[in-house]
Amino acid sequence: QVQLVESGGGLVQAGGSLRLSCAASGRTFSSYAMGWFRQATGKEREFVAGITWTGGATVNQNSVQGRFTISRDNAKNTVYLQMNSLKPEDTAVYYCAASRLAIATVADLYDYWGQGTQVTVQG
């Protein structure tokens with residue numbers, strides 16, 4: 001069992017930055033691939049970024065490539081999403097999730113989810 005708690009969301013002006021954190025409970029955190037998803041009002045949940053259990057490989061959605069960076073610290077049981085050059089279209093609830101697979105971009109392949117943190121970007 002893995003429990004996930006996101007933090008770091010908030011209100012930011014376009015062009016600004018935020019760093020989201022996701023703290024995980026459980027001693028097996030390092031054996032899970034981790035991902036960040038987001039869901040804007042009235043839209044489907046979409047994949048943002050993912051990272052393997054070692055942190056050796058990452059994958060990003062095209063629209064955030066070059067702006068968002070996912071990373072993890074297994075010693076702290078935490079995964080991060082550094083978001084730079086934020087745009088109003090990045091406004092959404094951001095969720096972190098854990099997968100038993102090596103890495104995954106599809107929500108159905110994730111086993112555990114956090115409750116989400118709101119990110120609002122004002123243009």
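The preceding data block contains the structure.
What counts and how
- Residues numbered from 1 in each chain as written.
- Predicted model: local features only at pLDDT ≥ 70, side-chain atom pairs only at ≥ 80, totals over all residues.
- Heavy atoms only, no water.
- Salt bridge = Lys/Arg side-chain N within 4 Å of Asp/Glu carboxyl O.
- Helix = DSSP H or I, 4+ residues; strand = E, 2+ residues; numbered from the N terminus.
- Buried < 20%, exposed > 50% of the residue type's maximum accessible area, 1.4 Å probe, protein only.
- Phe/Tyr/Trp six-rings, centres within 6.5 Å; stacked < 30°, edge-to-face > 60°.
- Lys NZ or Arg CZ within 6 Å of the ring centre and 35° of its normal.
- Contact = heavy atoms within 4.5 Å.
- Disulfide = S-S within 2.5 Å.

(A) Structural view of the pattern of salt bridges. This model, assessed by the stated rule, comprises 4 salt bridges. The partner of Arg38 in a salt bridge is Asp90, with the nearest N and O atoms 2.9 Å apart. Of this pair, Arg38 sits in strand 4 (residues 33–39) while Asp90 is found in the loop between strand 8 (78–83) and strand 9 (92–99), placing the two residues 52 residues apart along the sequence. Here Arg38 and Asp90 have matching classes, each one buried. Exposure remark for Asp90: the relative accessible area of 1% places this residue in the buried category. What emerges from the salt-bridge pattern is a single network uniting Arg38, Glu46, Arg67 and Asp90.

(B) Molecular detail of the packing of aromatic side chains. Counted according to the given criterion, the structure contains 6 aromatic pairs. Ring geometry for Phe37 and Tyr110: centres 5.1 Å apart, planes at 85 degrees, overall edge-to-face. In this pair, Phe37 is assigned in strand 4 and Tyr110 in the loop between strand 9 and strand 10 (112–113), connecting sequence segments 73 residues apart. The interplanar angle of 75 degrees and the centroid separation of 6.5 Å between the aromatic rings of Tyr95 and Trp113 together place this pair among those described as edge-to-face. Here Tyr95, found in strand 9, pairs with Trp113, found in strand 10; they are 18 residues apart in sequence, far enough to count as distant. Judged by its relative accessible area of 27%, Trp113 is partly exposed. Ring-pair connections join several aromatic residues into one group, and the members of that group are Phe37, Phe47, Tyr95, Tyr110 and Trp113. Positioned above the aromatic ring of Trp113, the side-chain terminus of Arg45 is 4.7 Å from the ring centre. The side chain of Arg72 reaches across the aromatic face of Phe29, ending 4.6 Å from its centre.

(C) Just the environment of Ser7, in detail. Tracing the backbone shows Ser7 in strand 1 (residues 4–7). Its relative accessible area of 37% is what places Ser7 among the partly exposed residues. Once the C-alpha coordinates of Ser7 and Ala23 are considered, the two residues, 16 residues apart in sequence, prove to be 8.3 Å apart. The residues contacting Ser7, other than those within four sequence positions of it, are Arg19, Leu20, Ser21 and Thr117.

(D) Structural view of the state of the cysteines. Enumeration according to the criterion identifies 1 disulfide in this entry. Put simply, Cys22 and Cys96 are joined by a disulfide, and their sulfur atoms are 1.9 Å apart. Taking the torsion about the S-S bond as the criterion, the Cys22 to Cys96 disulfide, at about 45 degrees, is right-handed. In this pair, Cys22 is assigned in strand 3 (residues 18–24) and Cys96 in strand 9, connecting sequence segments 74 residues apart. Summarising the burial analysis for this pair, Cys22 and Cys96 share the class buried.

From the geometry alone we can't say anything about function, so treat these as descriptive.
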